[in-house]
Structures are given as C-alpha cells and as structure tokens.
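Here is what each chain is made of, one letter per residue.
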Amino acid sequence: MSYSEIKDFLTEKDVELVAVSKTHSVDKIKKLYDLGQRIFGENKVQELVEKKDILPQDIQWHMIGHLQSNKVKYIAPFVHLIHSLDRLKLAKEINKEGRKNDRIVPCLLQIRIAKEDTKFGVHPSELEAFLENFLERDYTHIKIQGVMGMATFTEDRELVASEFTNLYRIFENVKNKYFRHDPDFSIKSMGMSGDYKIAVECGSNMVRIGSLIFGSRNY
Ligand SMILES: *Cc1c(COP(=O)(O)O)cnc(C)c1O
C-alpha cells in the first residue's frame, strides 16, 4: 500500500501517523518528507541522533523503542515524544535532562497489554502504583500525554482487538483518575503495519507504521 493511501485513511479518521524509519536510509526518509510527512519514529538512540543531524530540522522525532536511562541525554534536547516510559528510574532521568535543556519532555506510558511475553511496559496491575509514585515527585520537566501499547503478534484478530480495547479502557481510567483536567493527556499510540486498522477501530489516535510504508527491513 502506498504512503498516500495510508495517510488519507488516517487523516479522515483524525489519526496521527508516526512513520517508523528504523533501519531505513535518510534518502528514503527524505522522499517521505517531500510528500509532507513530518513525524518519524526510531527505536535506537544512536540511529535517531545520526539521522536527525542530517535531515531537515522541522522533523518531529519520536523515540518508540526501549530507552536506557544513560542514553536519555542524547535525545532530551529535541525529542518530540518518547513512547516508551515504563519505569520510575527512566522518568527521573528524563526529568533531569529536560531541566538541563530547559524544556518539558513529552512522554507516553508504555503499557504491557500483549498476551505474549514482552519485557517492556508497565504491567496494568502496577500502573496505579507507578502513577501515584510518579505524581508524588512533582516532576516539572516531563509530561505524560497518554499511553502506548503493542498487541500480540498474531493472526488472531479478536485477540489483537481485545488487547487494544483493553489499552483504550486503561487510557480512559487513567485519564479520569489522574489527568481529568489535562487536555494534553490525549494520546493513544497503538497500531503498527499489521494491525493498525484494528487499532483505529479500537480508538487509536496515533499509529506507528514502518514496513507498510518503507518496505521490509534488512537488519
Ligand atoms: C518497529 C516498530 C513499529 C513499526 O513496525 P512495522 O511492523 O514495521 O509497522 C512500531 N512500534 C514499535 C515500538 C516498533 O519498534
């Protein structure tokens, strides 16, 4: 499917597109940029920083992959959104680097919604404790703007839909309990190449699509 077809589908539904450019060349990214795409996602800090330095400066870079605390300093000056906040230690580090750079770093809480064993993300049962702890600290240079989750990698569409629906409900609960008066807490980042249509049906308003736009990745 072509970029414009995907983009049109998403625009009509008011869903933001993060073009996941990991492993793909700056030439390919520039082609998409020339078609109007401004939001790109990477999952490795070094690759993100290298591309950022070469490409147009009005690109909004999203960090979508697991983030080590000791690498936050490299992206804190410019990153537009971190999708993978999943531990307090990382929150503390992002806040610290945000302060150093005199900016508030926007983040999403990564939630573990998949049945399959994934290492990353806050488990739903630990979410309240995480948030109570986080909010107690009154961090001034980090801002949680929503949630991110990945569904199980499977052909079972019902399972995928149930996991996305679960994330949608978690978003609503967290919003009502902790962010009721915060209009910026609004992002549900869910859906990738294989399941973005299901995600949109389940209430996603931000999808992260790589291979469907760029072709398959050669690692
Ligand atoms: C790679 C990646 C994507 C995009 O995957 P595709 O299947 O290529 O669309 C989305 N989200 C995360 C966190 C990723 O690492």
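Please refer to the structure placed before this passage.
Since this is a predicted model, take the numbers as computed values, not measurements.

1. Some points on the overall build of the chain
When helices and strands are counted, the chain shows nine helices and eight strands. Taking 17 Å as the expected radius of gyration for a compact globule of 219 residues, we find that the chain reaches 17 Å, a close match to that expectation. Projected onto its principal axes, the C-alpha positions of the chain cover 45 × 45 × 30 Å. Counting the 219 residues in the chain, one finds 51% classified as buried. Contacts in the chain between residues at least 24 apart in sequence constitute 58% of all its contacts with a sequence separation of at least 6. Treating the 33 positive side-chain charges of the chain as one cloud and the 32 negative ones as another, the clouds have centres 4 Å apart.

2. Re the packing of aromatic side chains
For the coordinates displayed, the defined rule picks out six aromatic pairs. Plain terms: the ring middles of Phe 171 and Phe 185 are 5.0 Å apart, the flat faces sit at 15° to each other, and that makes the pair stacked. A residue pair is termed long-range when its members are at least 10 positions apart, and Phe 171 in helix α7 (residues 157-178) and Phe 185 in the loop between α7 and β7 (187-190) qualify at 14 residues. Residue Phe 185 is classed as buried on the basis of its relative accessible area, which comes to 1%. The structure contains a cluster of three or more aromatic residues connected by ring pairs, namely Phe 130, Phe 134 and Tyr 139. Across the ring face of Phe 171, the terminal group of Lys 188 is positioned such that the distance to the ring centre comes to 4.8 Å.

3. Considering the site of the ligand
Around the ligand, a shell composed of Val 20, Lys 22, Ile 64, Met 150, Met 192, Ser 193, Arg 208, Ile 209, Gly 210, Ser 211 and Arg 217 is seen. Within the side chain of Arg 208, a nitrogen or oxygen atom sits 2.9 Å from a nitrogen atom of the ligand. Between the ligand and Gly 210 there is a distance of 2.8 Å, counted from an oxygen atom to a backbone nitrogen or oxygen. Relative to its free-state accessible area of 390 Å², the ligand is covered by the protein chains to the extent of 90%. Here the residues of the shell around the ligand sort into five nonpolar, three polar and three charged.

Conventions used here
- Residues numbered from 1 in each chain as written.
- Predicted model: local features only at pLDDT ≥ 70, side-chain atom pairs only at ≥ 80, totals over all residues.
- Heavy atoms only, no water.
- Helix = DSSP H or I, 4+ residues; strand = E, 2+ residues; numbered from the N terminus.
- Rg over C-alpha atoms; globule rule 2.2 N^0.38 Å.
- Buried < 20%, exposed > 50% of the residue type's maximum accessible area, 1.4 Å probe, protein only.
- Contact = heavy atoms within 4.5 Å.
- Lys, Arg positive; Asp, Glu negative; His and termini not counted.
- Charge placed at Lys NZ, Arg CZ, Asp CG, Glu CD.
- Phe/Tyr/Trp six-rings, centres within 6.5 Å; stacked < 30°, edge-to-face > 60°.
- Lys NZ or Arg CZ within 6 Å of the ring centre and 35° of its normal.
- Near = heavy atom within 4 Å.
- Polar contact = N/O pair within 3.5 Å; in protein donor to acceptor, adjacent residues only side chain to side chain.
- Areas by Shrake-Rupley, 256 points an atom, 1.4 Å probe, with all protein chains shown as cover.
- Nonpolar A, V, L, I, M, F, W, Y, C, P; charged D, E, K, R; others polar.

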